[in-house]
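The chain contents come next:
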Amino acid sequence: MDAAAARRLRAFKRWMRAHGVVCSDALRLEASEAGGVHVRAVAPLREGDLVATIPRHACLTPRTTGAAGAIEAAELGGCLALAVAVMYERARGEDSPWDAYLRLLPEREPVPLVWPADEAERLLAGTELDKIVKQDREFLCEDWKECIEPLMSSGELDVDPDDFSLENYFSAKTLVSSRSFQIDSYHGFGMVPLADLFNHKTGGEHVHFTSAPDASDSEGEEEEEDVDDKSNASADDQSTIENSTNSPSDAGDNIEDLEMIVVRDVSAGEEVYNTYGTMGNAALLHRYGFTELDNRYDIVNIDLTLVTKWCTSAFSSRHARARVSLWRNLGYSGCTSQDAEYFEISYDGEPQHELLTLLYLITLESDVYDKLICVAHSLTGDEERDGFSSVVEFVKATSSNQNSELNGLEKQPDMKKLLYSEGICSALLSLADMRESLYGSNTLEDDVEKLQACCFVNERKLYHSLVLRVSERRILHRLRKYVIGWSKTKKRKHP
């Protein structure tokens, strides 16, 4: 630990004592080589141990900041309001009650949002973050133009306008994205000193961050709520709010401390981990600036536009429009995010069943498709039937083999097996190739070789982008194996 980092850490410990933040003597805060801070156990910890308490008044929120009046007057809410609070308290420097805490944090987190645009485009090409990061920049620029600039022009905040520059807004947004927690309905999202120093480990967390619920929210609920998941600055959080009906008298009276409780035993000398939720590498890199090797929550998305592009190429644009329209009329849809619709391919390479049903419709012969059109109305509107039952119904309706294995299908646990025809398997392989082509001319083997030669400490952006690329491309490889396996099974059953 260098001298400057040691001074910041000592100042933060003094700040904690002064503000009533209690950290167990069994924990030690340590500075890492990369410049961050992590938490290590110096004595064994047992499940149920209380290792930290943080008073609500010690948290930096839109309610506790010195800019609270200006934030309320501007009707700002959600993570935008918290970003304003962070910028304001940083601008105050030593005059801020959170100065020692804010000095311990990095200027910005190394998330793709703040990578140089050309570098982000090159490193993230083809990945799940390629479009998302570009959209984030556009949305945040709009937020800054529509909300931050007018706030500075109003004169409500007595700070240097440069402290609220677009660059500083992006920096504050990265801290909010990666470090804030949902505290309660009165404070909303907030920066929680000490709690945000525990690093993440998927499936290996030792502590959970908990908060006693508001009185208005607690009827019929457990005594405490787990609020471990940190906020998502790029989620659909509310940028502006109507005049709040909550007031300190009805919502702010909850003075119970926030707590960090051990949920898994920890040996002395181990780093103590929290969890930010069950996320794949795209979400981890997007929100927190890091990835994990062999993350079983990884997925790859295949956009509906890619499916319709393949269909237009294999058939015609008219064919694509008609089949997608029928698919929707049967009550199906893909996943949606912002203005995109897509299908997920799981870590194991299994395609989402909505994609299989769409491909089934696309590959139907014209006479069978016409038959389905005639009975489609009878396959919708039954809220008690699940999606698989609907699939079976229209497979039955379009099957020319009345004595086939279709009869009694509702009893089979995996009805998706019916949807792996030769045509659908061929379509999935084509879609895998089209999705893979988005990564450029390098092969998976090229990316693996680059990753193995990459220095994690000195080439963080390259390293984490390669982990993401390799993770996604391996899923596409598993998709191909999955499809080929089904294709071979079909051929054995129907020689």
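Residues numbered from 1 in each chain as written. Predicted model: local features only at pLDDT ≥ 70, side-chain atom pairs only at ≥ 80, totals over all residues. Heavy atoms only, no water.

K.L.:
I'd like a rundown of the pattern of salt bridges, residues and numbers included.
P.N.:
Enumeration over the complete set of coordinates arrives at 23 salt bridges. The salt bridge partner of Arg-179 is Glu-109, with a shortest N-O separation of 2.6 Å. With Arg-179 in helix 7 (residues 166–179) and Glu-109 in the loop between helix 4 (99–104) and helix 5 (117–123), the pair connects residues that are 70 residues apart, well separated along the chain. Across this residue pair, the class does not change: Arg-179 and Glu-109 are buried. Where salt bridges share partners, they join Asp-433, Glu-436, Asp-447, Arg-469, Arg-473 and Arg-480 into one cluster. (Salt bridge = Lys/Arg side-chain N within 4 Å of Asp/Glu carboxyl O. Helix = DSSP H or I, 4+ residues; strand = E, 2+ residues; numbered from the N terminus. Buried < 20%, exposed > 50% of the residue type's maximum accessible area, 1.4 Å probe, protein only.)

K.L.:
Pulling in residues and values, what's your account of unusual backbone geometry?
P.N.:
Peptide bonds are mostly trans, and most non-glycine residues show a negative phi. The residue Leu-194 is not glycine, and still its phi comes out positive at about 80°. With respect to the helices and strands, Leu-194 occurs in the loop between strand 6 (188–191) and strand 7 (207–211). Phi angles above zero are rare outside glycine, and Asp-294 is one such case at about 50°. On the secondary structure map, Asp-294 appears in the loop between helix 8 (281–288) and strand 10 (300–303). On the basis of relative accessibility, which here comes to 56%, the residue Asp-294 falls in the exposed class.

K.L.:
How would you sum up helix 3 (residues 78–92)? Please name residues and give values.
P.N.:
Its 15 residues place the ends of helix 3 22 Å apart at the C-alpha level, agreeing with the 21 Å of an ideal helix rising 1.5 Å per residue. Among the 15 residues of helix 3, 11 are classified as buried, and the element is accordingly described as predominantly covered. In the core, the buried residues of helix 3 are packed alongside helix 2 (68–73), helix 4, helix 6 (130–153), helix 7, strand 5 (180–184) and strand 6. Two residues or fewer after helix 3 comes Gly-93, characterised by a positive phi angle close to 60°. (Expected span 1.5 Å × (residues − 1). Contact = heavy atoms within 4.5 Å.)

K.L.:
Describe in detail the sheet that holds strand 12 (residues 340–345), supporting the description with residues and values.
P.N.:
Spatially, 10-12-11 is the arrangement adopted by the 3 strands of the open sheet, whose pairing is antiparallel. Sheet topology places strand 10 and strand 11 (335–337) at the edges, where each strand pairs with a single neighbour. The sheet shows a mean angle of 50° between the axes of neighbouring strands, direction not considered. By the bridge criterion, 4 bridges tie strand 10 to strand 12 in an arrangement that is antiparallel. Its bridge partner lying in strand 12, Val-300 is registered against Ile-345. (Pairing = 2+ DSSP bridges. Axes fitted to C-alpha atoms, helices over the stretch in contact; angles between N-to-C directions.)

K.L.:
Report on the packing of aromatic side chains, specifying residues and quantitative values.
P.N.:
Counted by the stated rule, this structure contains 10 aromatic pairs. Taken together, the aromatic side chains of Phe-12, Trp-15 and Tyr-101 make up a single cluster linked through ring pairs. We note Arg-323 situated over the ring of Tyr-369; from NZ or CZ to the ring centre the distance is 3.8 Å. For the cation-ring pair, Arg-478 lies above Tyr-347, with the distance from its terminal atom to the ring centre recorded as 4.2 Å. (Phe/Tyr/Trp six-rings, centres within 6.5 Å; stacked < 30°, edge-to-face > 60°. Lys NZ or Arg CZ within 6 Å of the ring centre and 35° of its normal.)

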